[in-house]
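# Observations on the model geometry
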Amino acid sequence: MGSDQADKKTQGTGRRAILGAAVFGAASGAVLGLPGVAGAAEAGTAAAAGQGGRGLKSLPKPAIIGHRGASGYRPEHTFGSYNLALDLGADVVEAGDLVPTKDGHLVCRHEPEIGGTTDVASHPEFADRKTTKMLDGVATTGWFTEDFTLAELKTLRAVERIPANRPHNTLYNGRWEIPTFEEVLKWQDEQTRKRGKQVWIYPETKHPTYFRKLGLGLEERVAKLLRKYGKDGRNAPVILQSFEPSSIQKLNQLVDNPLVVLLSAADSRPYDFVEAGDPRTVADLITPKGLREIAGYAQGIGPTLDLIIPKDANGNLTKPTTLVADAHKVGLILTPYTMRNENPFLPADYRKGTAADGYGDPFGAFKTYFATGIDAVFTDNADTGVLARADFLAG
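Here we summarise the structure given alongside this text.

Cut-offs and rules
- Residues numbered from 1 in each chain as written.
- Predicted model: local features only at pLDDT ≥ 70, side-chain atom pairs only at ≥ 80, totals over all residues.
- Heavy atoms only, no water.
- Helix = DSSP H or I, 4+ residues; strand = E, 2+ residues; numbered from the N terminus.
- Buried < 20%, exposed > 50% of the residue type's maximum accessible area, 1.4 Å probe, protein only.
- Contact = heavy atoms within 4.5 Å.
- Areas by Shrake-Rupley, 256 points an atom, 1.4 Å probe, with all protein chains shown as cover.
- Phe/Tyr/Trp six-rings, centres within 6.5 Å; stacked < 30°, edge-to-face > 60°.
- Lys NZ or Arg CZ within 6 Å of the ring centre and 35° of its normal.
- Salt bridge = Lys/Arg side-chain N within 4 Å of Asp/Glu carboxyl O.
- Pairing = 2+ DSSP bridges.
- Axes fitted to C-alpha atoms, helices over the stretch in contact; angles between N-to-C directions.
- Polar contact = N/O pair within 3.5 Å; in protein donor to acceptor, adjacent residues only side chain to side chain.

## Re the overall build of the protein
The helix and strand tally for the protein stands at 16 helices and 13 strands. By residue count, 56% of the 395 residues in the protein fall in the buried class. At a minimum sequence separation of 6, the contacts of the protein that also span at least 24 residues come to 68%. Per element, the accessible surface of the protein, about 15500 Å² overall, is 54% carbon and sulfur.

## Quick notes on helix α15 (residues 362-370)
Buried residues of α15: Pro362, Gly364, Ala365, Phe366, Tyr369 and Phe370, and no others. Against the buried residues of α15 lie β1 (63-66), α13 (305-308), β13 (376-379) and α16 (382-394).

## Section: the packing of aromatic side chains
According to the stated counting rule, one finds 10 aromatic pairs in the structure shown. Taking 6.1 Å as the distance between ring centres and 25° as the angle between the ring planes, the aromatic pair formed by tyrosine 172 and tryptophan 176 counts as stacked. We classify tryptophan 176 as partly exposed; its relative accessible area is 21%. With 5.6 Å between their ring centres and 35° between their planes, phenylalanine 366 and phenylalanine 370 make a pair best called tilted. Of this pair, phenylalanine 366 and phenylalanine 370 both sit in helix α15, four residues apart, which is roughly one turn of that helix. Grouping aromatic residues by their ring pairs yields a cluster made of Phe79, Tyr82 and Trp187. Cation over ring: arginine 129 sits above phenylalanine 148, and NZ or CZ is 5.0 Å from the ring centre. Across from the ring centre of phenylalanine 345, 4.9 Å away, lies the NZ or CZ of arginine 340, which sits over that ring.

## A closer look at the pattern of salt bridges
A full pass over the atoms with the stated rule returns 24 salt bridges. Between glutamate 219 and arginine 212 there is a salt bridge, with the nearest N and O atoms lying 2.5 Å from each other. Look at arginine 212 and you get partly exposed, because its relative accessible area is 33%. If you follow the salt bridges from partner to partner, you end up with Arg68, Glu76, Asp97 and Arg161 in one network.

## Here we look at the environment of tyrosine 369
The topology assignment puts tyrosine 369 in helix α15. In this structure tyrosine 369 comes out as buried when scored by relative accessible area, which is 3%. The spatial distance from the C-alpha of tyrosine 369 to the C-alpha of methionine 339 is 9.7 Å, given a sequence separation of 30 residues. Those residues in contact with tyrosine 369 that sit more than four places away from it in its chain are Leu305, Ile309, Leu317, Met339, Pro347 and Ile374.

## Details of unusual backbone geometry
Here the residue pair alanine 95 and glycine 96 is connected by a cis peptide bond, since its omega of 5° sits within 30 degrees of zero. Tyrosine 337 connects to threonine 338 through a cis peptide bond whose omega is -15°. Its location among the elements puts threonine 338 in the loop between β12 (333-334) and α15. A positive phi angle, near 50°, is found at histidine 77, a position not held by glycine. For histidine 77, a relative accessible area of 0% puts it in the buried group. Of note in this structure, aspartate 136 is not a glycine but carries a positive phi near 50°. Within the secondary structure, aspartate 136 sits in the loop between β5 (131-135) and β6 (138-142).

## With respect to helix α4 (residues 79-87)
The set of residues buried in α4 consists of Gly80, Ser81, Tyr82, Leu84, Ala85 and Leu86. Where α4 ends, the next residue or the one after it, glycine 89, has phi of about 105°, a positive value.

## As for the sheet that holds strand β4 (residues 106-108)
On the basis of which strands lie adjacent, the open sheet formed by seven strands has the order β4-β3-β8-β9-β10-β11-β12 and mixed pairing. Two strands bound the open sheet, and with one partner strand each, they are β4 and β12. As paired elements, strand β11 (residues 300-303) and β12 share two bridges and run parallel to each other. The residue bridging isoleucine 301 from the neighbouring strand is leucine 334, located in β12. Most of the contacts of helix α8 (residues 218-228) go to β4, to which it runs at about 90°, and overall it touches β3 (97-100), β4, β8 (204-205) and β9 (240-242). The strands touched by helix α9 (residues 245-254) are β8, β9 and β10 (259-263); relative to β10, the strand with the most contacts, the crossing angle is about 175°.

## Focus: the side chain of glutamate 113
Within the secondary structure, glutamate 113 is located in the loop between β4 and β5. Within polar-contact distance, the side chain of glutamate 113 engages the backbone nitrogen of glycine 115 at 2.5 Å. Of note is the side chain of glutamate 113, whose polar atom sits 3.0 Å from the backbone nitrogen of tryptophan 143.

Encoded structure:
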């Protein structure tokens with residue numbers, strides 16, 4: 001996957017690239033119109049076709065994205081978590097991280113290894129499925145979705161992934177099953193009708209190179225379901241994301257949805273780059289040249305918050321980088337991750353005490369990140385994010 005591939009895609013993607021920087025904006029009044037859009041009639045037609053009407057520009061800025069639902073309060077990637085995120089005011093719900101089953105269905109789990117997010121270890125009938133695999137170059141031991149049929153996975157129940165930080169969430173262990181992506185798409189429509197406003201989702205293709213090698217390609221399965229439910233258009237209320245740029249490039253060939261490249265630590269390499277022998281790191285992707293290349297096939301980036309404002313050796317925030325301005329300059333939105341209320345996940349200067357499950361000062365941290373001009377933020381605590389946004393916009 002070289003830059004020549006992106007250049008070939010750039011021709012004809014100008015229409016999609018227009019969906020970039022500043023299209024979030026309703027809450028702040030900073031809405032950017034699409035040049036050449038016919039207006040209300042076209043918007044109405046798109047909405048009637050299930051494409052979300054005004055698309056990304058219907059979302060407020062900064063938008064609040066419920067990270068795996070409301071995972072600060074419920075076991076992640078469950079309908080209990082997704083529903084609560086909407087109840088708490090999330091503009092978008094990350095439903096979900098997509099991994100395949102043995103029989104080719106897409107399900108929502110943080111990782112294909114499910115020992116930490118389900119009760120599989122307590123199922124003696126699956127004891128022999130525990131194994132060690134190389135997942136993106138890392139030896140990983142546990143139970144993997146690709147070794148289970150959907151029917152088998154449906155016998156499991158979700159549990160809290162980080163009980164040391166969220167002991168109260170363990171109250172809900174065993175209550176919800178693993179959702180499929182198709183169930184999520186149906187849920188999205190049901191919740192849109194029930195709540196009288198468009199519900200947005202933000203699914204991610206997880207470890208796409210790993211799964212393609214297993215004959216379980218993710219992108220085609222995602223595209224097939226989006227087409228089935230009429231959610232594959234440029235104004236569809238479904239944003240697609242991946243840590244592997246080649247996965248986003250594949251999706252760009254298959255659907256017209258808004259697409260986002262996720263970016264980990266600056267010195268890390270996307271795993272598809274590792275497999276392809278591409279020496280570039282994330283640091284290369286966030287240069288003006290790298291961002292221009294991404295803008296040829298995607299509408300946004302999802303960087304770590306540390307790429308927006310680095311931390312010093314003590315974990316305190318330092319001076320913001322130029323990433324927000326650089327990305328906006330080439331028409332890319334920024335949806336960084338992840339804000340959480342608990343002390344261990346906050347910058348050191350916003351912690352209160354040392355309790356692993358104690359809350360620090362997330363409002364102060366939100367304000368600092370919002371001030372950089374980001375278009376949205378992932379958070380495990382949507383209600384905190386909504387209140388922090390209101391404070392920020394009120395000045």
